[in-house]
Amino acid sequence: MELIQGTHKAPQDFISNMPDIVINNILDRLRFQDAVRTSVLSRNWRFKWTMLSQLVFDVDFFDSLETEEEEDEEEEEDEEEEEEDDNEDEGNNESIVSKLLLQLRGPITKFELDIEHLSDAEDINNWILFLSRKGLTDLTIMNWDYSPLALPTNLFSCLELKHLQLRHCYFNNPPPSFHAFPNLLSLDLCVEFEDDIQLGEFFTRCPVLEKFTKDDLFEMEKVNILEIAKQENLKILSLKFYNLDDESTITSSSTIFELVGSLPKLQELRLDFEEGRLIEGVGKKSFFTTFTCLKVLKLKNVCLDSGIMLSFAFELIRSSPNLQTFVITPSNGDADSPPQVDYDTTRLLQLQCVTFECMKGSENELRLIKYLLACSPSLKWMHIFSRFLKSAEEKLVFVRKLLKLYRASPVVEVELFWY
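From a predicted model like this one, the values you see are computed outputs, not experimental measurements.

K.L.:
Lay out the pattern of salt bridges with the relevant residues and their values.
P.N.:
Applying the stated criterion to the full structure yields nine salt bridges. Here Glu268 and Arg270 are joined by a salt bridge, their closest N and O atoms 2.7 Å apart. We classify Glu268 as buried; its relative accessible area is 13%. Here the salt bridges do not stand alone but share partners, grouping Arg31, Asp34, Arg37 and Asp60 into one network.

This is the structure in C-alpha cells:
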C-alpha cells in the first residue's frame, strides 16, 4: 500500500497574534506575579507585562515574594556572604515594588496596596507621585499595621481619581495647592483625622461624588454628617456610628432623616450603629419626608429591644415607598421603653427581598416581620437567620408564630436558617 505523505504545519499561535489591547486586557485579569511570569514564554512575550494598567500588590503578592526568597536561600546556601547581602537587598518589598513600577511603560489606571509592615512611608509617597503622572483613576491603600499610615501628600496630585479607598491611614487637610477631585465618584474612609480637619470643605471639592463610606469606630466627633448633605449626587451612603449618646456625633434620629432627605438621588443607605442607641424620646417624632429614590436599606447592630430604635426602623422603612431590598441585623440590648409604633398597614411597600440576620425571636422582631409581610404585596422572599434559638421547642414555637402572620404577597417564600 502506498503511503500518502502530507505536509505538517506547525500550530498557529492565536494568542500571541491577538491585538495588544486584547492581550493587555487578559494580563490585567491575572495576578500581578502571574502576569510577570508570562515574560518567560517567548521572546515576543518578554515585555508584554510592562503594559499592565491594573496593579494589585496585596497580601498574596507579598507572600509569594517571601516564598520565592526562601526558595532562593535554600538553593544558594553555599554562595559567598557578599552575594547573600545582595539578595537580601533585592528581597526588600519596597525595593521590589519600586523596580517593578519603573519598568511599566503604559498608563496605570488602578493601584491597590495592602500593607502589613512598611519600613519607609516615603516609598508610598514616591509611588503615588509616579502614578499621578500615569492617569491613575482607582486607588486603594489598606494598612494592616498597628500604626496608622501617614497619608501621602502626593495623593492630592491624582486629579483623575474616580475611586479612592483608605484604611487605617492618617487623614490630614489637603495642601493649599489642592483644588478638587473633579472626577471622584466613590470615597471609602476608615481613617484617623487631623485635629483641625475640615471635611465639609473637602466634600465640596468632590462635586460628582456618588458613593461615600465612613467605616470606623473612632473620632466620629470630627465628622458632622450634615456636611455630607451637600453632596446632592450621592447614590450610596454607608455610615458607622459608635456612640450615638454623644451629642457631638449625632443628636437624634431626626438628624439622620434630615441627612437622607437632603440627598435626592440616594438609592442605597447602610447604617451601622455598633450597639449604639438613639437619644431618648426622638423616636416618637413623626417624619413626613419621603425618600422616593431609596431602593436598598441595610441596618446593622440595631437594638430592636429598644422601643426608640424599633420606631426609628419602622419610620425609615415607611418613608421609603419604593424600597425593594431590606437587610437588618439586630443587636443585643436592654429594653428602654415601650415601642411607639404606628402599625397601620394601609400604606403599601414595594419590597421584594428581606433578610433578617442574627434573629433572636423577640416580640419586637416579630412585630417588624408582621408589618413587612402585611405591607409588601410584591415580596418574593424573606430569609431569616438565627443562632439564638437552640432547642427544637424554641424553634417550633417561633415557626408557629410565623405561620399565623398574614402575607400580602401570594408568592413570598419565608425561609429559616439555623446555625
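This is not the end of the story, as more comes after the structure.
K.L.:
Would you mind going over the packing of aromatic side chains in detail, with residue names and values included?
P.N.:
Counted by the stated rule, this structure contains 19 aromatic pairs. Pairing Phe156 with Phe181 gives two aromatic rings, centres 6.1 Å apart and planes at 15 degrees, and the pair type is stacked. Taken together, the residues span a long stretch of sequence, with Phe156 in the loop between β4 (149-150) and β5 (163-171) and Phe181 in the loop between β5 and β6 (186-193) at a distance of 25 residues. Taking 5.9 Å as the distance between ring centres and 35 degrees as the angle between the ring planes, the aromatic pair formed by Phe257 and Phe291 counts as tilted. With Phe257 in helix α8 (residues 253-261) and Phe291 in the loop between β9 (268-272) and β10 (296-302), the pair connects residues that are 34 residues apart, well separated along the chain. What makes Phe291 buried here is its relative accessible area of 6%. Taken together, Phe156, Phe171, Phe178, Phe181, Phe202, Phe203 and Phe212 form an aromatic cluster joined through their ring pairs. Sitting above the plane of the Trp45 ring, Lys48 keeps its charged end 6.0 Å from the centroid.

K.L.:
Could you give me a rundown of the environment of Lys214, with the residues and numbers involved?
P.N.:
Among the secondary structure elements, Lys214 is positioned in strand β7 (residues 211-214). Linking Lys214 and Cys190, residues 24 residues apart in sequence, is a C-alpha distance of 6.2 Å.

K.L.:
Describe in detail the packing of α8 against helix α9 (residues 307-318), supporting the description with residues and values.
P.N.:
For the pair α8 and α9, interaxial distance at closest approach is 11 Å and the crossing angle is 15 degrees. Judged by the inter-axis angle, α8 sits roughly parallel to α9. Read as a crossing pair, α8 and α9 show a hand that is right-handed. Across the interface between the two elements, Ser253, Ile256 and Phe257 from α8 touch Phe312, Glu315 and Leu316 from α9.

About the criteria used
Residues numbered from 1 in each chain as written. Predicted model: local features only at pLDDT ≥ 70, side-chain atom pairs only at ≥ 80, totals over all residues. Heavy atoms only, no water. Salt bridge = Lys/Arg side-chain N within 4 Å of Asp/Glu carboxyl O. Buried < 20%, exposed > 50% of the residue type's maximum accessible area, 1.4 Å probe, protein only. Phe/Tyr/Trp six-rings, centres within 6.5 Å; stacked < 30°, edge-to-face > 60°. Helix = DSSP H or I, 4+ residues; strand = E, 2+ residues; numbered from the N terminus. Lys NZ or Arg CZ within 6 Å of the ring centre and 35° of its normal. Axes fitted to C-alpha atoms, helices over the stretch in contact; angles between N-to-C directions. Parallel < 35°, antiparallel > 145°, perpendicular 65-115°, else oblique. Left-handed = near helix turned anticlockwise from the far one by under 90°. Contact = heavy atoms within 4.5 Å.

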